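# Per-entry structural report
Here is how the chains run, residue by residue.
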Amino acid sequence: MINNKKKLRSYREFLYILPFLILVAVFSYYPLYGWIYAFFDYRPPRPFSFEDFQGLKWFKYLVDNPIRLKQTLTVIRNTFAMSGLAILTSWLPMVFAIFLNEIKCMPFRKAVQTITTLPNFVSWVLVFSVAYNLFSSGGMANSLLMKMGVVERPILFLQSSEHVWGSMWLWSTWKSLGWSAIMYIAAISGIDEELYEAARVDGATRMQLIRHITIPSILPTYFVLLMLSISNFLSNGMEQYFVFQNAFNKESIQVLDLYVYNLAMGSGSYSVATALSMLKSVISVILLCVANKLSKLIRGESFM
């Protein structure tokens, strides 16, 4: 009788998660059928035909020409630079969450958290509109600099490719800092208050509380998020770089996701774009497994 109740309960709990499993299957696994494009010479709106089967032609196409190989390596360089900057500064949300937690005035703390979280919900199109009005050749920044006599000619902030990696990192950090800190704020709220009380009784200062209690308690959360960032090393997203790209900075701003989009929608090379996207997905899975193994070796536990 007890076993039947356990089975019934397990079936009921499975039905709870079944809708989410269906959503994952429909939106995450079913689209993998599109990988078939990488093995055909697909030209819309023609249907697939085995006469158009090309095997691994499009994978070789990416590297069999020195010019294409150079372009692919440039895109990979940009991707590594953008992702590398994000990983090297992945501790910023944790630090922001710690100092936000130290604000004792609750109305001010909530105001700061709200103000820093809101940019995450602003589309990149609107972000670029703000950037254009501020930093274009006729924008507010150049107008002020010229009126003050600091410069004689407008500075091409948006058209220059010299500092595009840094500027993209700054815009991305501004947009996501508050939202990324939410995970750490939740981890801090789960720390046992008795640890702080015991430390205060022993005479610990606020910085000592942060150093010896807060940071060690939220480091596991940081390492899990860091490992997930490593597994997503080749996925920078496309929207930010798409709206900020132009003829002057295209060589430095074009990351892998944007390059795939430009290949498919710009030149109509759907098969080549699918082959490159397929390679990116396979490498990302490998990176995920490596990151999981590193987590096991460093922390003693995996996150998968």
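Owing to the predicted nature of the structure, the values given are computational and were not obtained by experimental measurement.

## Structural notes on the confidence of the model for the protein chain
On average, residues of the protein chain carry a pLDDT of 85, and 96% of them reach 70 or more. Here helix 14 (residues 270–299) stands out as the element of the protein chain with the lowest mean pLDDT, 81, in contrast to helix 4 (residues 92–101), whose mean of 91 is the highest.

## Description of the nonpolar core
Among the nonpolar cores identified, the biggest contains 17 residues, and Leu263 and Leu276 are the most heavily contacted of them. Residues within four places of Leu263 in sequence aside, it is in contact with Gly268, Ser269, Val272, Ala273 and Leu276.

## Focus: a nonpolar patch on the surface
Together, Phe14, Leu15, Tyr16, Ile17, Phe20, Leu21, Ile22, Leu23, Val26 and Phe27 make up an exposed nonpolar region whose accessible area comes to about 1100 Å². A relative accessible area of 46% places Leu23 in the partly exposed class.

## Structural notes on the environment of Met227
Counting through the fold element by element, Met227 comes out in helix 10 (residues 206–231). Residue classification places Met227 among the buried positions, given a relative accessible area of 4%. Taking the C-alpha atoms as reference points, Met227 and Phe40, 187 residues apart in sequence, are found 35 Å from one another.

## Points about the packing of aromatic side chains
On inspection of all chains with the given rule, the structure shows 13 aromatic pairs. Summarising the aromatic geometry, the rings of Trp124 and Phe244 are spaced 6.5 Å apart at their centres and angled 75° between planes, so their arrangement reads as edge-to-face. Remark: Phe244 occurs in helix 11 (residues 239–244) and Trp124 occurs in helix 6 (residues 124–135); sequence separation between them is 120 residues. Here Phe244 falls in the buried class, since its relative accessible area comes to 3%.

## Points about the packing of helix 3 (residues 66–88) against helix 8 (residues 164–189)
Put simply, helix 3 and helix 8 touch, their axes get as near as 10 Å, and they point 45° apart. By the angle class used here, helix 3 and helix 8 are oblique. When you trace helix 3 past helix 8, the crossing you get is right-handed. Facing Arg77, Asn78, Ala81, Met82, Leu85 and Ala86 of helix 3, the residues of helix 8 in contact are Val164, Trp165, Met168 and Trp169. Across the contact of helix 3 with helix 8, the residue classes break down as eight nonpolar, one polar and one charged.

## Notes on the pattern of salt bridges
A full pass over the atoms with the stated rule returns six salt bridges. Between Arg206 and Glu102 there is a salt bridge, and its shortest N-O distance comes to 3.0 Å. Residue Arg206 is found in helix 10, and its partner Glu102 is found in the loop between helix 4 and helix 5 (106–117); the two are separated by 104 residues along the sequence. On the accessibility criterion, Arg206 (46% relative accessible area) is partly exposed. Residue Glu102 is classed as buried on the basis of its relative accessible area, which comes to 18%. One salt bridge in this structure joins Glu193 and Arg200, with 3.8 Å as the shortest N-O distance. Given a relative accessible area of 39%, Arg200 falls into the partly exposed group. Salt bridges here are not isolated pairs; linked through shared partners, they connect Glu193, Glu197 and Arg200.

About the criteria used
Residues numbered from 1 in each chain as written. Predicted model: local features only at pLDDT ≥ 70, side-chain atom pairs only at ≥ 80, totals over all residues. Heavy atoms only, no water. pLDDT = per-residue confidence, 0-100. Helix = DSSP H or I, 4+ residues; strand = E, 2+ residues; numbered from the N terminus. Core = buried A, V, L, I, M, F, W, Y, C linked by side-chain atoms within 4.5 Å. Buried < 20%, exposed > 50% of the residue type's maximum accessible area, 1.4 Å probe, protein only. Contact = heavy atoms within 4.5 Å. Patch = residues over 30% accessible without salt bridge, like charges linked within 9 Å, V, L, I, M, F, W, Y side chains within 5 Å. Areas by Shrake-Rupley, 256 points an atom, 1.4 Å probe, with all protein chains shown as cover. Salt bridge = Lys/Arg side-chain N within 4 Å of Asp/Glu carboxyl O. Phe/Tyr/Trp six-rings, centres within 6.5 Å; stacked < 30°, edge-to-face > 60°. Axes fitted to C-alpha atoms, helices over the stretch in contact; angles between N-to-C directions. Parallel < 35°, antiparallel > 145°, perpendicular 65-115°, else oblique. Left-handed = near helix turned anticlockwise from the far one by under 90°. Nonpolar A, V, L, I, M, F, W, Y, C, P; charged D, E, K, R; others polar.

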